[in-house]
Amino acid sequence: MSRILETKRLILRGWKDEDAPSLFKYASDDRIGPAAGWLPHPNEGYSRAVIRTVFAKEEVYAICLKERDGEPVGSIGLTLEGSPERPLMNGEAELGYWIGYPFWGRGLVPEAVTEMLRHGFEDLGLERVLCGYFHENNRSKKVQEKCGFKPLYTNPACKVIMLGETRVEHINVITKADYAKVSENS
């Protein structure tokens with residue numbers, strides 16, 4: 001089970017079966033998944049299956065709002081194991097996140113990302129964190145820029161398997177040293 005991380009407005013904690021209705025409420029919105037490369041959730045059963053599989057990994061957290069009694073409104077996580085499509089070196093992780101549409105524009109994702117970076121660098125001993133976004137997903141691009149990520153490379157032909165598409169994907173990176181500088185200045 002993931003540990004619990006906390007910020008001023010958020011609790012980041014592991015997903016639970018009883019979170020399926022909240023997950024479905026936000027992940028069924030077609031403004032969310034397709035921008036990140038996955039299909040909108042068709043029903044609560046699907047959301048529960050995602051909680052039991054995709055979200056069951058050690059460093060995947062529900063983004064919960066303190067002001068809403070800890071209701072999950074998004075997800076954030078660090079992938080520590082690479083894949084053939086996206087290999088990771090020792091000391092690296094990939095960050096992924098999304099938040100429900102009603103919560104866009106409130107600075108909640110940068111707040112969650114900042115805490116995940118702190119956790120990754122300070123608690124997990126990471127040296128680099130990678131984070132990607134698809135071309136034209138300017139919201140995600142802005143979050144990464146605000147949190148200190150810098151361009152690493154662009155994949156002009158990323159296969160988005162769940163959607164059966166090929167897209168341009170931008171991969172950014174932040175190192176432990178860059179994180180320390182950003183933290184110092186905030």
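I will try to describe carefully the structure that is included in this document. (Residues numbered from 1 in each chain as written. Predicted model: local features only at pLDDT ≥ 70, side-chain atom pairs only at ≥ 80, totals over all residues. Heavy atoms only, no water.)

### As for the overall build of the protein chain
- When you go through the protein chain residue by residue, the secondary structure sums to six helices and eight strands.
- Traced from its N-terminal end to its C-terminal end, the protein chain shows the element sequence β-β-α-α-α-β-β-β-α-β-α-β-β-α.
- A compact globule built from 186 residues should have a C-alpha radius of gyration of about 16 Å, and the protein chain, at 16 Å, falls within 12% of that.
- Dimensions of the protein chain, computed from C-alpha atoms along their principal axes, come out at roughly 40 × 40 × 30 Å.
- Buried residues in the protein chain amount to 47% of all 186 residues.
- Of all intrachain contacts in the protein chain linking residues separated by at least 6 positions in sequence, the fraction that spans at least 24 positions is 65%.
- Carbon and sulfur atoms form 52% of the exposed surface of the protein chain, whose accessible area is close to 9800 Å².
- Averaging the positions of the 25 positive and the 27 negative side-chain charges in the protein chain gives two centres separated by 3 Å. (Helix = DSSP H or I, 4+ residues; strand = E, 2+ residues; numbered from the N terminus. Rg over C-alpha atoms; globule rule 2.2 N^0.38 Å. Buried < 20%, exposed > 50% of the residue type's maximum accessible area, 1.4 Å probe, protein only. Contact = heavy atoms within 4.5 Å. Areas by Shrake-Rupley, 256 points an atom, 1.4 Å probe, with all protein chains shown as cover. Lys, Arg positive; Asp, Glu negative; His and termini not counted. Charge placed at Lys NZ, Arg CZ, Asp CG, Glu CD.)

### Digging into the sheet that holds strand S7 (residues 150-160)
- The mixed open sheet is built from eight strands, whose spatial order is S1-S2-S3-S4-S5-S6-S8-S7. The open sheet has two edge strands with one neighbour each: strand S1 (5-6) and S7.
- As judged from the four bridges shared by strand S5 (residues 92-99) and strand S6 (residues 128-134), these two strands associate in the parallel manner. The partner of Glu-94 across the bridge, within S6, is Leu-130. (Pairing = 2+ DSSP bridges.)

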